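Okay, here's what each chain looks like letter by letter:
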Amino acid sequence: MTTEKRVIIVEDDKDINDLIAYNLRKEGFVVEQVFDGSDARKRLAEEVFNIVILDIMLPGIDGFDICREIKENPKQARTFIVVVSAKCRQQDKLYAHLLGADCYLTKPFSLLILLSAVKEISANLDKEFLVKNA
Amino acid sequence: MFNSGLKKKNIELNSALELLKERISVLENENNRAHAILDSMVEGVIAVDKDTRVLSLNPTAEKIFNTTRENALARIFLEVFPNNDIAEVIALVLNKGKFVSRELSLVWPVQRVFQVNASPIFESGAVNGCLLVIHDITEIRRLETMRRDFVANVSHELKTPLTSIKGFVETLLEGALDDKENSVTFLKIINNHAERLNTLINDLLDLSHIESKEIILKKDKFALSSLVDEVILGFRSQAKKKGVEIKTELPHALEVIADRSKIEQVLTNLINNAVKYNKEKGSVRIYSEQFPDKTKIIIEDSGSGIPPKDIPRIFERFYRVDKARSRELGGTGLGLSIVKHIIELHSGFVGVESTEGLGSKFWFTIPR
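Residues numbered from 1 in each chain as written. Chains lettered and ligands numbered in written order. Predicted model: local features only at pLDDT ≥ 70, side-chain atom pairs only at ≥ 80, totals over all residues. Heavy atoms only, no water.

So what exactly am I meant to see when it comes to the overall build of chain A here?
Scanning chain A from N- to C-terminus turns up 5 helices and 5 strands. Helices and strands appear in chain A in the N-to-C order β-α-β-α-β-α-β-α-β-α. Relative to the globule expectation of 14 Å for 134 residues, the C-alpha radius of gyration of chain A, 14 Å, shows essentially globular dimensions. Along the first, second and third principal axes, the C-alpha atoms of chain A reach 45 × 30 × 30 Å. Within chain A, the fraction of its 134 residues that count as buried is 51%. Considering only residue pairs separated by 6 or more positions, chain A has 63% of its internal contacts joining residues 24 or more positions apart. Counting only carbon and sulfur atoms, one obtains 55% of the accessible surface of chain A, whose full area is about 6,300 Å². Computed over 19 positive and 22 negative side-chain charges, the inter-centroid distance for chain A is 4 Å. (Helix = DSSP H or I, 4+ residues; strand = E, 2+ residues; numbered from the N terminus. Rg over C-alpha atoms; globule rule 2.2 N^0.38 Å. Buried < 20%, exposed > 50% of the residue type's maximum accessible area, 1.4 Å probe, protein only. Contact = heavy atoms within 4.5 Å. Areas by Shrake-Rupley, 256 points an atom, 1.4 Å probe, with all protein chains shown as cover. Lys, Arg positive; Asp, Glu negative; His and termini not counted. Charge placed at Lys NZ, Arg CZ, Asp CG, Glu CD.)

How should I be thinking about the sheet that holds strand β5 (residues 126–136) of chain B in this particular structure?
In a beta sheet, neighbouring strands are held together by backbone hydrogen bonds and run either parallel or antiparallel to one another. All names here are of chain B. Read from one edge of the open sheet, 5 strands run β2-β1-β5-β4-β3, paired in antiparallel fashion. Each edge of the open sheet carries a strand with a single partner, namely β2 (54–57) and β3 (100–106). Across the sheet, the axes of successive neighbouring strands diverge by a mean angle of 25°, strand direction being ignored. As paired strands, β3 and strand β4 (residues 112–123) are joined by 7 bridges and run antiparallel to one another. The residue of β4 that forms the bridge with Ser101 is Asn117. Strands β1 (44–49), β3, β4 and β5 of the sheet are contacted by helix α5 (residues 84–96), whose axis makes an angle of about 165° with β3. (Pairing = 2+ DSSP bridges. Axes fitted to C-alpha atoms, helices over the stretch in contact; angles between N-to-C directions.)

Got a minute to help me understand the nonpolar core in this structure?
What tends to happen in soluble globular proteins is that the nonpolar side chains get buried as a cluster. In terms of nonpolar packing, the biggest core is built from 45 residues, with Ile286 and Phe364 of chain B touching the most fellow members. The element best represented in this core is helix α10 (residues 260–276) of chain B, accounting for 7 residues. Setting aside chain neighbours within four positions, we find Phe364 of chain B in contact with Val266, Leu267, Leu270, Thr295, Lys296, Ile297, Ile299, Ile343, Phe349 and Val350 of chain B. Counting residues in each nonpolar core, the second largest holds 33 residues, with Ile16, Leu24 and Leu125 of chain A together with Ile189 of chain B among its members. (Core = buried A, V, L, I, M, F, W, Y, C linked by side-chain atoms within 4.5 Å.)

Before we go on, may I ask you to explain the interface of chain B and chain A in this structure?
How big an interface is tends to be reported as the loss of accessible area on association of its parts. Opposite the 21 residues of chain B that make contact, chain A presents 17 residues. Of the roughly 1,700 Å² buried between chain B and chain A on both sides combined, carbon and sulfur atoms contribute 61%. In terms of surface lost to chain A, no three residues of chain B exceed Lys159, Thr163 and Glu170 of chain B, which account for 30% of the buried area on that side. For the pair chain B and chain A, the number of links is 0 salt bridges. Put simply, the parts of the chain that give the side of chain B that touches chain A at least two residues each are α6 (138–173), α7 (180–211) and α11 (323–328) of chain B. Per-element accounting of the side of chain B that touches chain A gives the leading share, 11 residues, to α6 of chain B. (Buried area = accessible area lost by both parts, 1.4 Å probe. Salt bridge = Lys/Arg side-chain N within 4 Å of Asp/Glu carboxyl O.)

Structure representation (structure tokens):
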């Protein structure tokens, strides 16, 4: 990894949140964990993250709203969004993509696929970084 | 000769009159029969002529549109029934002379969903009117929505523990087995979620069994206080761990007529909640009130109470006041729903009174 990548995990189920965090930390990402929509909104307003792992059915503010807000915030314009949700209907996936989600994984998701998606995004970020600083 | 001719004519006339009377009576009977059919239909029936003037309507149609036959007859449809969607259907039928079927929502006088079937009335080959049959499908649609929501909820509830199980197994297979510090924790998490899935499936089976109307209650007369004592015994270690004291104040002589095993499940679920959501060193009090027609049993806890906004929905399936806390404590979100169904099977009632910060009183009644 060329640069340090910051990931925020927005997931209300503690075990699933911990599961993703453990694996991403092992891959060298800097991980922050939040467990509801309002904390996610607060942290995303304060800081820029490279990647957001986002659940949809959250207490309070749902993941679709968070997704929209990230894309509306110019500071987070280069933030990648990976949705992980139990919602598996085509219309939910389509809606998430329309709101700007880059990747949509349905629960129960394969950890290997989640990791490879995040690593691919990270590699693209590195390429962009190299081009910009060439 | 002349006389006999007259007599003959008279007889003919009389028999013609008899025949006419008979025909009229047959027609009247048919008419009455048609009316009887129309009057007893659960669907609303309205007939209009080619100018959309109301020719007839049955009592159900009167009820649906909150009008009377006297008010509606001979008036233009839209004057009596301010519903553009139905007027459009009528216009279509009168125009095309073909059967039309549509699902329409009515917002006035009440919010309802109707299936409207409209067919043309022909007279000597030309369309001369329209017959509307209006079927109220509000309840069917409501049940469909409920069922869809339930299926969505169940699949979410099943997928969440499954996600953890699958994810942690993958993590272990990908090398975490050698992570001495975490591997046991991961295995414990997997085990917990497998337990949770099992509990959820059992609760779902219980609920579907209770909800199916085929269930037969095995009613017996039994002493409530001894049943409560038995149930409490099962919670002894759980209560001790939390320092929660369970007090029963039921009279020994108190007997109820009910399905003992079902009431055992009701008490188990309510006492389980009272212990689980209690504060450390809190208390649970179980007591009764006697009424001429029913026995009321109250389970009072000293937990954090239920916010007023959640009280109306607390007995709904999968409704949780604090989702994270409920999951952490192994709740499925079905316990209170099961309680409500069992008590309703006994023709009793359930309810809750709660003050935030002070505790809750869950109660149920059993008819005497």
